Amino acid sequence: MPDRPGGPGFRARVGPPSRRTRVLLLTAGVLAVLFLLFVMFAGLWTDWLWFKSVRYSSVFTAQLWTKAGLFAAFGLAMAVVVGFNVWLAYRLRPPLAAMSVEQQSLDRYRMGVAPYKKWLLIAIALLVGLVAGAAAAGQWRTWMLWTNQTPFGVKDSQFHLDVSFYAFELPWYEFLLGFAFSAVIVSLLASVVVHYLYGGLRLQGPGRKASSGAQGHLAVLLGVFVLLKAAAYWLDRYALAVKTGAYKQVDGWTGLRYVDANAFLPAKTILFFVAIICAALFFLTPIRKTWAPALIGFGLMALSAVLIGGLYPAIVQQFQVKPNEQAKETPYIQKNIDATRQAYGIADSQTQQYSPKATTNTEALKSDAQTIADIRLLDPNVVSPTFQQIEQQRSYYKFPKTLDVDRYGNGQAGGQDTVIGLRELNLAGVQQRNWINDHFKYTHGYGVVSAKGNQVNDKGQPVFTESGLPSTGALGDYQQRIYYGEETKTYSIVGGSNQEIDYSTDAGDKQYQYTGESGVSLNNPFTRAAYAVRFAEPQILYAGAITNGAKVIYDRTPKERVEKVAPWLSIDADPYPVVQNNKLVWVLDGYTTSDGYPFASKTTLGDVTKDSLTDQRGRTLTSVNKVNYIRNSVKATVDAYTGEVTLYQWDDADPVLKTWMKAFPGTVKAKADIPTGLMPHLRYPQDMFKVQRDLLGQYHMTDANSFFNGTDIWQVPVDPTTNTGAVQPPYYMTVRMPDPAVTEASFSLTTTFVPSKRDNLAAFMAVSADPGPEYGKIRILKVPGDSNTLGPKLVQSQFNSNTDVANKLNTLKIGGDSDIEYGNLLTLPVGGGLLNVEPVYVRGRGADYPVLQKVLAVYGNDNVAFENTLEEALKKVLGNATTVTPTTPTAPTTPGTTPTTPTTPTTPGTVNAEQAKAIADAQKAFNDGEAAQKAGDWAKYGEAQKALKAALDAAAAAGQQKTG
């Protein structure tokens, strides 16, 4: 019987493993390394395939080669510099080390290193090279900006250099300087270790502590270090123009102040020359054979840095600035104001005084008829559950938490304000979840749902203009399948013989095969293996459902697609859908930014774009945390069916965009290439507006003395309709600003301001959001401080404290069985005063969605209405102004102005049939408008005005054709 393991007589095998074991271990090791290499390669390969599929492969290759070039160049430079200094330190070792206990101890290490010194040198050089190369590769944006820079055409007020120096050149020079410092410091430390190991440096024993070779080597390295410090002092002079600190309640204050210009600037110049002299003393050390002059010089430089660079500016601040701070700082404050307003695009904002009246009359309301007619009752932030319940159709569809506001009507800008949402895919609603269903069957959403912004039906529900499954209505024919959307966050495999679920009806499921050009082909087994690794899904390798012609589509949200093809852009948090040219596309606003605009205060995009809807809309992401220059330079589209990404140049004067277009040629199309059907739907972006309004809270003060005293600081009010404590979001709505130059209402983005730490209204601000000559024009109505005009919080308090309103609200709650939801509180300048309107929604206990039941309105400070409809509320707060028949002028008008009596166009000869029809239509529209105004029905009045303008335009066109 053989001995059992561990029993008597058993002997364990001692010695090296068998050949078979070694082969197995070696094979396992090789396979493991190959697998790790394949995992790394799979990410790179699949990225290349994705960029190729969206036709932006040049972006991928430009980034790849730039990163690789920087990695190689700076990695090699660091390896050579450090390796050379280690080699030089070894060559300069003394031939015989002094006999001492210290050196005897080091002998063991020298003997241990001796057989491997060559490989150790290579290993050290490679290690520091890899680290340096990786750090340099991360500077690819800085390199591209430097090599492709475009002048701003604007010079800073201190050094009179073009802004491009600070935005594009200075960051690169600072990186080079930092890299050089790193190379010298690492070389110095490595050299010290080698010199000590081989006896060039001694800590113990009598005599010299450093050999002549070690002394000379280290002195030169220290001299180079001090010389680099001199260069740093020189660059620091220019960096003062973009230095950031807190001043006068501005956390991101940027630029020189009095002490910078009159103390720090001359101090940096003096220290520059001191460092040059000190460096020269270090370079002379090998010749003079003594450290004394260099060390004395270095000590004097350090002392100078403390006295000249620290103590002297403190003395200037204490004894020159503080006794007369306003006079000293005013010129520099003015520089900051001018630069900040220019850098954020608010230099041309127009401010006018506006004293709101408590009452109005018919004459005053005539020019604001369109504003009143288009008051938006449907809050896109409240009605998403309503869309979901009424128009979801199937459990595997969903709408976003916040819907969008656009304009539709007659195919032109200035159409009806419309609330719009897409029926996107929601895999959480699929009853049978498995890999096939999640990635092969349920692949896309279906259709647009839209509703009039200014109307609800008799049940308080939206008046839909596009609805059903498939969707039908006012938007006409378009590709309704949504393969790319905000909620589409997983990959799908389409094409080949795969039959997807298109949509479901009572008769059953409709099948569909994807025919779009999007996606990466899975015909290649190697590609399938790469995606199996990328998605950590081995079934992709062998699944029979993947047939010839199958493609994988991924990275499907519009924002991530644009961010990948344009990594130099910051993307607005709110993409919005548009139906145009028989297509459904997502529109995204892209921002170019910089943190190098001299004297312009910096801001953090992620902070200033937060409001009460941030968690619903998403957040703005930026590669630069703090910026002090921003432009909405790009409009991007993503086709919801094909995933095609298109970038359009929107701001053709932006030097940052021009620089990036040089870096990535051919990726951005000209503004003239924007489709004509898309142009009317473009709008001024919210995040840009929120950045500007945050700055205008202080920078509306253009006088340096007022800014210094801080007597008129504004802030964005807290949203009174929520209990989050977050600020009120801006609102899109059609409004006419009370400016003689503005003759009609336009689609605008609006906000209000309150004084710092107060709740009364300080100002109303609007920017024209419609493409055209007025696009981006910011107008501010500044309310007198002693007017006690109600801000949003006080308006809400006025609603809540009104006895009649409180009683009606209690009735709506029905003993606690219903919940009240307040819609957006809209502030509108009409009739010489301010009208505040707020829809009130009621959600019954157990109900899935809210319905609009009441409308709150207040004009002035006291006249409060809480009625069933907007028309009834307006009648109450505006008094008889809405029921007086207007006088009849004879000149044609445009929507938003006084109704007119249509007149026959003056044309030779008789009136043709087209003219006669147009004149009849105009007369009918005019009569309808008069009847609507008498009844106080401002929605119908607005529609009649639009019909009147269309009829008059048709009559004029018919007359011209006849004359021609």
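Presented here is an overview of the structure given in this document. Small disclaimer: the values here were computed from a predicted structure and weren't measured.

In terms of regular secondary structure, the protein chain is built from 27 helices and 34 strands. Out of the 964 residues belonging to the protein chain, those deemed buried represent 53%. When the accessible surface of the protein chain is totalled, it reaches about 42100 Å², and 58% of it is carbon and sulfur.

Turning our attention to a nonpolar patch on the surface. Together, Ile 296, Leu 300, Leu 303, Val 306, Leu 307, Leu 311, Ile 315 and Phe 319 make up a nonpolar patch on the protein surface, roughly 780 Å² of accessible area in all. By secondary structure assignment, the location of Ile 296 is in helix H9 (residues 292-321). By relative accessible area, Ile 296 is classed as exposed at 54%.

Along the chain, Leu 469 connects to Pro 470 via a cis peptide bond; the corresponding omega equals -5°. When you line up the elements, Pro 470 lands in the loop between strand S10 (462-467) and strand S11 (472-473). Although it is not a glycine, Ala 536 sits at a positive phi angle of roughly 50°. Mapped onto the elements, Ala 536 comes out in the loop between helix H15 (525-534) and helix H16 (539-542). Even without a glycine there, the phi angle at Lys 757 is positive, about 65°. Tracing the chain through its elements places Lys 757 in the loop between strand S27 (746-755) and strand S28 (763-768). The exposure class of Lys 757 is exposed, given its relative accessible area of 78%.

This part takes up the nonpolar core. Counting residues in each nonpolar core, the largest one holds 153 residues, and the members touching the most others are Trp 568, Leu 647, Trp 660 and Phe 664. Per element, the largest residue contribution to this core is 16 residues, and it comes from helix H6 (residues 163-197). If near-sequence neighbours (up to four positions away) are discounted, Trp 660 is found in contact with Trp 140, Arg 141, Met 144, Leu 145, Trp 568 and Thr 592. Within the second largest apolar cluster, 39 residues are counted, among which are Leu 377, Tyr 731, Phe 764 and Ala 865.

Looking at the element boundaries, Ser 355 is found in the loop between strand S3 (350-353) and helix H11 (362-365). Spatially, the C-alpha atoms of Ser 355 and Gly 785 are 9.8 Å apart, while their sequence positions differ by 430 residues. If sequence neighbours within four positions are ignored, Ser 355 has contacts with Pro 784 and Gly 832.

To continue, consider empty space enclosed by the protein. One pass over the structure, following the stated rule, counts 6 cavities of 30 Å³ or more. A volume near 140 Å³ is recorded for the largest cavity. Lining the largest cavity are 15 residues, with Pro 380, Asn 381, Val 405, Gln 686 and Tyr 732 sitting closest to its centre. Elements that contribute at least two residues to the lining of the largest cavity include exactly strand S5 (404-408) and strand S26 (731-735). Classifying every residue of the lining of the largest cavity gives 7 nonpolar, 3 polar and 5 charged.

To describe a pair of aromatic rings, you give the distance between the ring centres and the angle between the ring planes. For the structure on display, the rule yields 54 aromatic pairs. For the pair Phe 74 and Trp 172, a centre-to-centre distance of 6.0 Å together with 80° between the ring planes defines the contact as edge-to-face. Taken as a pair, Phe 74 in helix H2 (residues 57-91) and Trp 172 in helix H6 lie far apart in primary sequence, 98 residues in all. Exposure class is identical for Phe 74 and Trp 172. Each is buried. Taken together, a centroid distance of 5.1 Å and an interplanar angle of 80° make the contact between Tyr 90 and Tyr 198 edge-to-face. In this pair, Tyr 90 is assigned in helix H2 and Tyr 198 in the loop between H6 and helix H7 (212-239), connecting sequence segments 108 residues apart. The ring of Tyr 512 has Arg 481 lying over it, and the distance from NZ or CZ to the ring centre is 3.8 Å. Arg 556 extends its terminal NZ or CZ atom over the ring of Tyr 484, reaching a point 6.0 Å from the ring centre.

Using the criterion set out here, one finds 28 salt bridges in the structure. Across the pair Asp 47 and Lys 564 runs a salt bridge, and its minimum N-O distance is 3.8 Å. Highlighted residues: Asp 47 in helix H1 (residues 19-53) and Lys 564 in helix H17 (residues 558-565), separated in sequence by 517 residues. For Asp 236, the salt bridge goes to Lys 268, with nearest N and O atoms at 3.6 Å. Note that Asp 236 is positioned in helix H7 and Lys 268 in helix H8 (residues 258-288), a separation of 32 residues in sequence. Classification of Lys 268 as buried rests on a relative accessible area of 19%.

On to the sheet that holds strand S6 (residues 416-422). With respect to topology, 5 strands assemble into an open sheet ordered S5-S6-S9-S10-S11, the strand pairing being antiparallel. Sheet topology places S5 and S11 at the edges, where each strand pairs with a single neighbour. Note that strand S9 (residues 448-456) and S10 share 3 bridges and pair antiparallel. Note that in S10 the partner of Ser 450 across the bridge is Glu 466. In the packing of helix H13 (residues 384-391) onto the sheet, contacts are made with S6, S9 and S10, and the angle to S10 comes to roughly 55°.

One open sheet holds the 3 strands; their spatial order is S13-S17-S16, and the pairing between them is antiparallel. Lying at the two open borders of the sheet, with one neighbouring strand each, are strand S13 (492-495) and strand S16 (520-521). In this sheet, strand S17 (residues 550-553) lies alongside S16 in antiparallel orientation, the contact comprising 2 bridges. Bridge pairing in S17 links Ser 521 to Lys 551.

Between H2 and H6, the least distance of the axes is 8 Å, while the angle of their chain directions is 30°. Here H2 is positioned roughly parallel relative to H6, judged by the angle of their axes. Viewed along their axes, H2 and H6 form a crossing whose handedness is right-handed. Listed contacts from H6 to Leu 70, Phe 74, Ala 77, Met 78, Val 81, Val 82, Asn 85, Val 86, Ala 89 and Tyr 90 of H2 are Trp 172, Phe 175, Leu 176, Phe 179, Ser 182, Ala 183, Val 186, Ser 187, Ala 190, Ser 191, Val 194 and His 195.

The subject of this paragraph is the side chain of Thr 604. Turning to its location among the elements, Thr 604 is positioned in strand S21 (residues 603-604). On the basis of relative accessibility, which here comes to 13%, the residue Thr 604 falls in the buried class. Sequence-distant contacts of Thr 604, that is, excluding residues within four places in its chain, are made with Asn 625 and Lys 626.

Those residues of H13 that sit buried are Ser 384, Thr 386, Phe 387, Gln 388 and Glu 391. Following H13 by one or two positions, Gln 393 adopts a phi angle in the positive range, close to 70°.

So, how was this worked out
- Residues numbered from 1 in each chain as written.
- Predicted model: local features only at pLDDT ≥ 70, side-chain atom pairs only at ≥ 80, totals over all residues.
- Heavy atoms only, no water.
- Helix = DSSP H or I, 4+ residues; strand = E, 2+ residues; numbered from the N terminus.
- Buried < 20%, exposed > 50% of the residue type's maximum accessible area, 1.4 Å probe, protein only.
- Areas by Shrake-Rupley, 256 points an atom, 1.4 Å probe, with all protein chains shown as cover.
- Patch = residues over 30% accessible without salt bridge, like charges linked within 9 Å, V, L, I, M, F, W, Y side chains within 5 Å.
- Salt bridge = Lys/Arg side-chain N within 4 Å of Asp/Glu carboxyl O.
- Core = buried A, V, L, I, M, F, W, Y, C linked by side-chain atoms within 4.5 Å.
- Contact = heavy atoms within 4.5 Å.
- 1 Å grid on protein atoms, 1.4 Å probe; cavity = no way out; pocket = protein on both sides within 12 Å on 5 of 7 lines; lining within 4 Å.
- Points joined across faces, edges and corners; volume = space filled by probe spheres on them.
- Nonpolar A, V, L, I, M, F, W, Y, C, P; charged D, E, K, R; others polar.
- Phe/Tyr/Trp six-rings, centres within 6.5 Å; stacked < 30°, edge-to-face > 60°.
- Lys NZ or Arg CZ within 6 Å of the ring centre and 35° of its normal.
- Pairing = 2+ DSSP bridges.
- Axes fitted to C-alpha atoms, helices over the stretch in contact; angles between N-to-C directions.
- Parallel < 35°, antiparallel > 145°, perpendicular 65-115°, else oblique.
- Left-handed = near helix turned anticlockwise from the far one by under 90°.

Any functional reading would require information beyond the geometric quantities listed.
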